[in-house]
Amino acid sequence: METFTFDYPADQKATARAHVGVVGSGDLEVLLEPSPDQTAHVRINTSVDGYGQVWKNVLDRFFTRFRKAVRIEINDFGATPGMVALRLEQAVEESRQ
Amino acid sequence: MTAAVTDLDRLLSRKSFIELSARERTKALLDAGTWRELLGPFDRLHSPWLEMQDIVPQEDDGVVVARGLIDGQPAVVAGIESAFQGGSMGEIAGMKIAAALDLARQDHERGIPTRPVLLLETGGVRLQEANLGLAVIAEIHAAIIALRPHVPVVGIIAGLVGCFGGMSLAAALCSHLIVTPQARLGMNGPEVIEQEAGIAELDASDKRLIWSLIGGEQRAAVGLVDQLVEDDADAIAEAVRAAFRAGQPDSYRSQQIPQFLARLVAIDPALVTDGPALRALWGKGEQA
Amino acid sequence: MVQSLDTGTAPRSWNKRGQDKARRLAAVAPWLSGKVLPSSRIVEALEVLVHSGDRVALEGNNQKQADFLSRSLAEVDARKIHDLHLLISSISRREHLTLFEKGIARKVDFAFAGPQSLRVAQLLEDRKLEIGAIYTYVELYARMFVDLTPNIALVCAEKADAQGNLYTGPNTEDTPTIVEATAFRQGIVIAQVNELTDELPRVDIPGSWIDLVVVADRPFAIEPLFTRDPRIINELQILMGMMVIRGIYERHGVTSLNHGIGFDTAAIELLLPTYGASLGLKGKICRNWTLNPHPTLIPAIESGWVESVHCFGSEVGMEDYIRARPDVFFTGHDGSLRSNRVLCQLAGQYGVDLFIGSTLQMDPDGNSSTVTMGRLAGFGGAPNMGHDPKGRRHSTPAWLSLITADSEVVRGRKLVVQLAETYQKGGEPVIVESLDAVQVGKNANMPVAPVMIYGDDVSHVVTEEGIAYLFKADGIEERRAAIAAVAGATPVGLKANPRKTEDLRQRGIVAYPEDMGVRRGDAKRSLLAARSIEELSAWSGGLYQPPARFRTW
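Residues numbered from 1 in each chain as written. Chains lettered and ligands numbered in written order. Predicted model: local features only at pLDDT ≥ 70, side-chain atom pairs only at ≥ 80, totals over all residues. Heavy atoms only, no water.

As annotated in an unreviewed UniProt entry, chain C is Malonate decarboxylase subunit alpha from Telmatospirillum siberiense.

The name an unreviewed UniProt entry gives chain B is Biotin-independent malonate decarboxylase subunit beta, with Telmatospirillum siberiense as the organism.

In this section: the overall build of chain C. Summing up its helical and strand segments, chain C has 19 helices and 21 strands in all. Over its C-alpha atoms chain C spans a radius of gyration of 25 Å, differing by no more than 12% from the 24 Å that the globule rule assigns to 553 residues. The principal-axis extents of the C-alpha atoms in chain C amount to approximately 80 × 60 × 50 Å. Buried residues in chain C amount to 60% of all 553 residues. Considering only contacts in chain C between residues 6 or more positions apart, those separated by 24 or more positions represent 74%. If you sum the accessible surface of chain C, you get close to 21100 Å²; carbon and sulfur atoms cover 51% of it. Here chain C contributes 61 positive and 66 negative side-chain charges, whose respective centroids are spaced 1 Å apart. (Helix = DSSP H or I, 4+ residues; strand = E, 2+ residues; numbered from the N terminus. Rg over C-alpha atoms; globule rule 2.2 N^0.38 Å. Buried < 20%, exposed > 50% of the residue type's maximum accessible area, 1.4 Å probe, protein only. Contact = heavy atoms within 4.5 Å. Areas by Shrake-Rupley, 256 points an atom, 1.4 Å probe, with all protein chains shown as cover. Lys, Arg positive; Asp, Glu negative; His and termini not counted. Charge placed at Lys NZ, Arg CZ, Asp CG, Glu CD.)

Here we come to the sheet that holds strand β1 (residues 36-38) of chain B. Residue and element names in this part refer to chain B. Strand order in the open sheet made by the seven strands is β1-β2-β3-β4-β5-β6-β7, with mixed pairing throughout. Strand pairing shows two members of the sheet lacking a second neighbour, β1 and β7 (227-228), which therefore form its edges. With two bridges joining them, strand β6 (residues 176-179) and β7 adopt parallel strand pairing. From the neighbouring strand, Val179 faces β7, where its bridge partner is Leu228. (Pairing = 2+ DSSP bridges.)

To continue, consider the packing of aromatic side chains. According to the stated counting rule, one finds eight aromatic pairs over all chains in the structure shown. Between the aromatic rings of C:Tyr469 and C:Phe471, the centroid separation amounts to 6.4 Å while the plane-to-plane angle is 75 degrees, which identifies the pairing as edge-to-face. Across from the ring centre of B:Trp35, 4.3 Å away, lies the NZ or CZ of B:Lys27, which sits over that ring. For the cation-ring pair, C:Arg12 lies above C:Trp14, with the distance from its terminal atom to the ring centre recorded as 4.0 Å. (Phe/Tyr/Trp six-rings, centres within 6.5 Å; stacked < 30°, edge-to-face > 60°. Lys NZ or Arg CZ within 6 Å of the ring centre and 35° of its normal.)

Each partner contributes residues to the interface: chain B has 15 residues there, and chain A has 19 residues. Buried area between chain B and chain A, summed over both chains or domains, comes out near 1400 Å², and the portion from carbon and sulfur atoms is 59%. On the chain B side of the contact with chain A, B:Phe42, B:Arg44 and B:Val56 bury the most area, a combined 46% of that side's loss. Remark: the boundary between chain B and chain A carries two salt bridges. With its nearest N and O atoms 2.9 Å apart, the salt bridge here joins A:Glu33 to B:Arg44. The interface formed by chain B and chain A contains eight residue pairs in polar contact (both at pLDDT 80 or more). (Buried area = accessible area lost by both parts, 1.4 Å probe. Salt bridge = Lys/Arg side-chain N within 4 Å of Asp/Glu carboxyl O. Polar contact = N/O pair within 3.5 Å; in protein donor to acceptor, adjacent residues only side chain to side chain.)

Bringing the nonpolar core into the picture now. In terms of nonpolar packing, the biggest core is built from 96 residues, with A:Ile72 and C:Tyr249 touching the most fellow members. Ranked by the residues each element gives to this core, the list is headed by helix α8 (residues 235-252) of chain C, at 10 residues. The residues touching A:Ile72, leaving out its near neighbours within four places in the chain, are A:Val30, A:Leu31, A:Leu32, A:His41, A:Val42, A:Arg43, A:Phe62, A:Phe63 and A:Leu88. (Core = buried A, V, L, I, M, F, W, Y, C linked by side-chain atoms within 4.5 Å.)

Take C:Glu465: it is sitting in the loop between β19 (460-462) and β20 (467-469). Look at C:Glu465 and you get buried, because its relative accessible area is 15%. A polar side-chain atom of C:Glu465 sits 2.4 Å from a polar atom in the side chain of A:Arg61.

A few words now on the environment of C:Gly386. Residues and elements named next belong to chain C. You can see Gly386 is positioned in the loop between α13 (382-385) and α14 (397-400). For Gly386, a relative accessible area of 2% translates into the label buried. Sequence separation between Gly386 and Leu354 is 32 residues; the distance between their C-alpha atoms is 8.6 Å. With near-sequence residues (within four places) excluded, Gly386 lies in contact with Phe355, Val416, Ile453 and Asp457.

Bringing the interface of chain C and chain B into the picture now. One widely used convention gives an interface's size as the accessible area the parts lose upon coming together. Contacts between the two partners involve 22 residues from chain C, matched on the other side by 17 residues from chain B. For the chain C face of the interface with chain B, the top three residues by lost area are C:Trp539, C:Thr552 and C:Trp553, together amounting to 28%. The tally of links between chain C and chain B comes to two salt bridges. Residues B:Arg14 and C:Glu535 are paired through a salt bridge, measuring 3.9 Å at the closest nitrogen-oxygen approach. Summed over the shared surface of chain C and chain B, the result is four residue pairs in polar contact (both at pLDDT 80 or more). For the side of chain C that touches chain B, the secondary structure elements donating two or more residues are α9 (263-278) and α19 (533-539) of chain C.

All names here are of chain C. Summed over all chains, the structure comprises 64 salt bridges over all chains. The salt bridge involving Lys159 is made with Glu195; its shortest N-O contact spans 3.7 Å. Residue Lys159 is found in strand β7 (residues 152-160), and its partner Glu195 is found in strand β9 (residues 188-196); the two are separated by 36 residues along the sequence. Of the charged contacts in the structure, one is a salt bridge between Asp522 and Arg519, with a shortest N-O distance of 3.3 Å. Looking at Asp522, the relative accessible area reads 34%, which means it is partly exposed. Counted as one network, the salt bridges with shared partners bring together Asp67, Arg71, Arg93, Glu95 and Asp217.

This part takes up the pairing of strand β6 (residues 130-134) of chain C. It is a general feature of regular strands that their side chains alternate between the two faces of the sheet. Residue and element names in this part refer to chain C. Two strands pair when backbone bridges link them, and strand β5 (residues 105-112) and β6 are joined in this way by three bridges, in the parallel orientation. Bridged to Val108 within β6 is Ile131. What joins β5 to β6 is helix α5 (residues 117-125), and the crossover it makes is right-handed. (Right-handed = clockwise from strand over helix to strand, strands pointing away.)

Looking now at the sheet that holds β19(C). Residue and element names in this part refer to chain C. One open sheet holds the eight strands; their spatial order is β14-β13-β12-β15-β18-β19-β20-β21, and the pairing between them is mixed. Two strands bound the open sheet, and with one partner strand each, they are β14 (308-310) and β21 (510-511). Two strands pair when backbone bridges link them, and strand β15 (residues 354-358) and strand β18 (residues 415-419) are joined in this way by five bridges, in the parallel orientation. By the bridge assignment, Leu354 is partnered in β18 with Leu415. The strands that helix α12 (residues 341-351) touches are β12 (256-259), β13 (288-290) and β14; relative to β13, the one it contacts most, it runs at about 130 degrees. (Axes fitted to C-alpha atoms, helices over the stretch in contact; angles between N-to-C directions.)

We now examine the packing of α8(C) against α9(C). Residue and element names in this part refer to chain C. It is at 8 Å that the axes of α8 and α9 come closest, and there the two elements cross at 65 degrees. On the basis of the axis angle, α8 is roughly perpendicular to α9. The crossing of α8 and α9 is right-handed. Together, Gln237, Ile238, Met240, Gly241, Met242, Val244, Ile245, Arg246 and Tyr249 of α8 and Phe263, Asp264, Ala267, Ile268, Leu271, Leu272, Tyr275 and Gly276 of α9 make up the contact between the two elements. The residue inventory of the contact of α8 with α9, partitioned by class, reads 12 nonpolar, three polar and two charged. (Parallel < 35°, antiparallel > 145°, perpendicular 65-115°, else oblique. Left-handed = near helix turned anticlockwise from the far one by under 90°. Nonpolar A, V, L, I, M, F, W, Y, C, P; charged D, E, K, R; others polar.)

All names here are of chain B. Under the definition given, this model contains zero disulfides over all chains. Cysteine Cys163 shares no disulfide, and the gap to the nearest cysteine sulfur, in Cys174, comes to 8.5 Å. Of the residues examined, Cys174 reaches a relative accessible area of 2% and is grouped as buried. (Disulfide = S-S within 2.5 Å.)

Here it is as structure tokens:
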């Protein structure tokens, strides 16, 4: 197991929270909620070691399109980057509802 | 031979219960618009033991407890998420279920007729939490027995993980146990039996054999569960409502000790070696 | 100079092959009753009928296997029979390689070695096995009619009668082709059968093409290789399926097609009756198919999408369903499926608008391969369909829709679509700087790298990020930019230039889900017409009987 944290600049306020996914094989759980400050914070617990750069790549891409001040916590059980990106999109979509 | 249009619509609109996550399953059983979760993922009540063993936790520890109404009456549904650690019972997961049952009992003692439902998709105790998991499973057993004189405790095993180990005893203690054909119910899982007794004793990869021994249809045919319902969320929700309308059973399975002892005595291990043979011996009433 | 005709030497024989065959058969004649050899004599008979150095075609593809004959061949005395040259489409059974370990066989020409690919590589290194060449299925059979004509064919069928007529049944597959190449050039054809019977359901291969029939010790091995359990289809595969239906099938009006056997193409099959219907596409796309009877096609068939299906082989459990749908499948007068691998490959090559399949690796130019380090897996049949056949002359709207040149003389193009999630499970990127196949090819001294589908044949690449319409790209730089634009967080994808990507989206060379009206949030499993094997069985009205390993009830 490995834990990473990343911060991204934000320029919009978040209001709602959302939870998607499950910590099952090839999947992950995403908890998205408003951040207390003007920055987006991401914390990742992953079962697969050694993929810090790939996580950074996936999140860098996500935060080029998403600018809200959120706190995201991810519990990952070996999801592919594609699945991570999809769950992040779903969390954003759910937080809008 | 082409299926009629109505059949196609039915096939397309069928809502599989097995497909749903534990959270969605609890929603599917409660009256529309009444669902609210207790101790959800944002409360971050996860297992303190898994991270110490290098295992990623889940923020709800794999159990969803939801309150709401069933048929207009107050209800609590505790659902195990089988995708997380095989639905195994750790300290937090098990305690959430035991506490939900205990609070339901307290409700009844205060005149609130809370209806309890358990979704039992579990391999049993979580090995990483060992004794704490076993202890909390015992608390679940005690809580079911304390609650069931007040109100039927309804258990559901939908599949595909099945219900095994100490939690199979919890299933057996329920006042009314509902299964789908995809469910399995047993003390030891097939893989454990194969590992301990050898492949000659049981080939765990032979799915047809496994389901013929411990699958939902077989368990219903020999009277070890109360009701077989197809894998359809609406049908299962209706079965739950009907179980509460029907009220208390005449007696609990766990009290029918002489009857079950007699059934065991009737088995000749040399002759009763497969599912159909047990059905012939134990099957209640006429076979379909 | 013409040789003198009166030199006194014996006249040249023009039937040496026939005479040789007659001598060999005469040696086993005392054991035969009609054409039937007692099963207990098979090893002895092979030791007489097969000669060292012979080319032996052993029937074995990814589905059915003449396993009684291959096991028996592995038991012959290697001092008597050695250095055989094996022609086999799929090296899939242990004993296929035992033949090399014992020295019974030395050389092999094959198309696929999936399950045994590690051992093939090892035997090659140990110099116990020589590879003639690695083929696609159709190529291997083609050479059986040119310079690799078999001396012996070992084939399998379900039933035979005393005259040697064969019933190959739903899994006819390669048998007629191998038998034809052997029988008509005076080779010896030996067929293993599950049973002898007086009356065959139908004759798939006439008895005059068959020399010997032997009853196998157990029915021939067959694998349910084309069954994809819908429970395992994930939301990304559904998202990609929605993009394919919207951005390719609808856009190009694809009416005839071949699907690979991945979970992503299974997702497409299961999305037609739901998502496809919601787009009003029923009857407009996906009418005529060349593919095996995938169980995941049942809902599309039942809801009236599918006019016809021609098959390479059959699929275990689909027999009764096929029998009940003769308007859709090719069936004999007995009601059972007639499959034929070579003809289906031909149909898939020249007759259909589109091939779509998954790949394990793709390079920045769109070349793709399923070869990975340490494994010599071969090609199977994918490249036969996964290319643009330049000999095609008939037009369809889909074929014409790929014309980009503005000239009096132009040709259309087959749609060759490669599907790839940008990363595999386990964290390996699928889109890579260089294919493993390049190194594998060097290690095995292959003249060219074993590429499955060449980039210049690929018209579309689909990932979970979007679609690259490669046929529209102008030049190699733009192709690379289009692939990079859908390569996600892979090293190749990170090189994409955002401004170039924006330009490609504007010009319709790259499309993201939002560009084609596909909502990521809609990619849910509830959109699949069936989410489990039991639901497929329910769709079939109970006619589809899944093999035990797929049953969860």
